[in-house]
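The lines below spell out each chain.
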Amino acid sequence: MGNEIYFDTVLGGYVKKDVIAKIDAYNALIDRISGMMISDAAINAELLKIRHMPLRKAKILFLPASGFSVSQTDSYIDDLEREIADKVML
C-alpha cells in the first residue's frame, strides 16, 4: 500500500492536473521540512507560492467537464496545511 489518494471524479470539479501539481508541491515541502532542509523564511515563501497555485474548475468551452471533487480536494489540502503547521510548531 502506497501513498495513493483517491478523489471522486465529478462534473465541474477541479482540473486534475492542477490538483496533482498542488498536492505534489505540498508533499515536497513536507519532505523538506521533515528532513530539516529548509529555513522558516523559506517555508513561508514556499507556502505562499503553493497557496497561489491555481485550482481551476474543469470546463470544455463553457460546459462543465469532469474533474476531482471540490470538497474532497479542499479537505485534503486543509489536512496538508495542518500537517505543515504541526511540523513547523515542533
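Structural notes, computed from the coordinates.

The rules behind each value
Per-chain numbering applies: the sequence of each chain, read as written, is numbered from 1 onward. In keeping with the predicted nature of the model, local features appear solely for residues at pLDDT of at least 70, side-chain atom pairs appear and are counted solely at 80 or more, and the whole-chain, interface and lining totals rest on all residues. In computing side-chain properties, one takes all heavy atoms of the structure into account and sets aside hydrogens as well as water. Only DSSP runs of H or I reaching four residues or more are called helices, and only runs of E reaching two or more are called strands; each is numbered from the N terminus. A helix is expected to reach a length of 1.5 Å times the quantity of its residues less one. Relative accessibility decides the category of a residue: with a 1.4 Å probe and only protein chains considered, values under 20% of the type maximum give buried, values over 50% give exposed, and everything between is partly exposed. What the arc describes is the spread of directions from the helix axis to the C-beta atoms. Residues are treated as being in contact if the distance between any of their heavy atoms lies within 4.5 Å. What is meant by a nonpolar core is a set of buried Ala, Val, Leu, Ile, Met, Phe, Trp, Tyr and Cys residues, joined one to another through side-chain atoms within 4.5 Å.

Bringing helix α2 (residues 40–51) into the picture now. The periodicity of an α-helix, 3.6 residues per turn, causes residues three or four places apart in sequence to face the same way. The terminal C-alpha atoms of α2 lie 16 Å apart, and with 12 residues this matches the ideal 16 Å at 1.5 Å per residue to within 8%. Three or more residues of α2 are buried, namely I43, E46, L47 and I50. Take α2 and look down its axis: the buried residues cluster within an arc of 105°, on one side only. Of the exposed residues in α2, the ones pointing more than 90 degrees away from its buried face are A41, N44 and K49. Looking at the buried residues of α2, the elements they touch are α1 (16–34) and α3 (70–89).

Grouped together as the largest cluster of nonpolar side chains are 17 residues, with contacts concentrated most on V19, Y26, L29, I33, L47 and I84. Listed by contribution, the elements that provide at least two residues to this core are α1, α2 and α3. By residue number, the principal contributor to this core is α1, which donates 7 residues.

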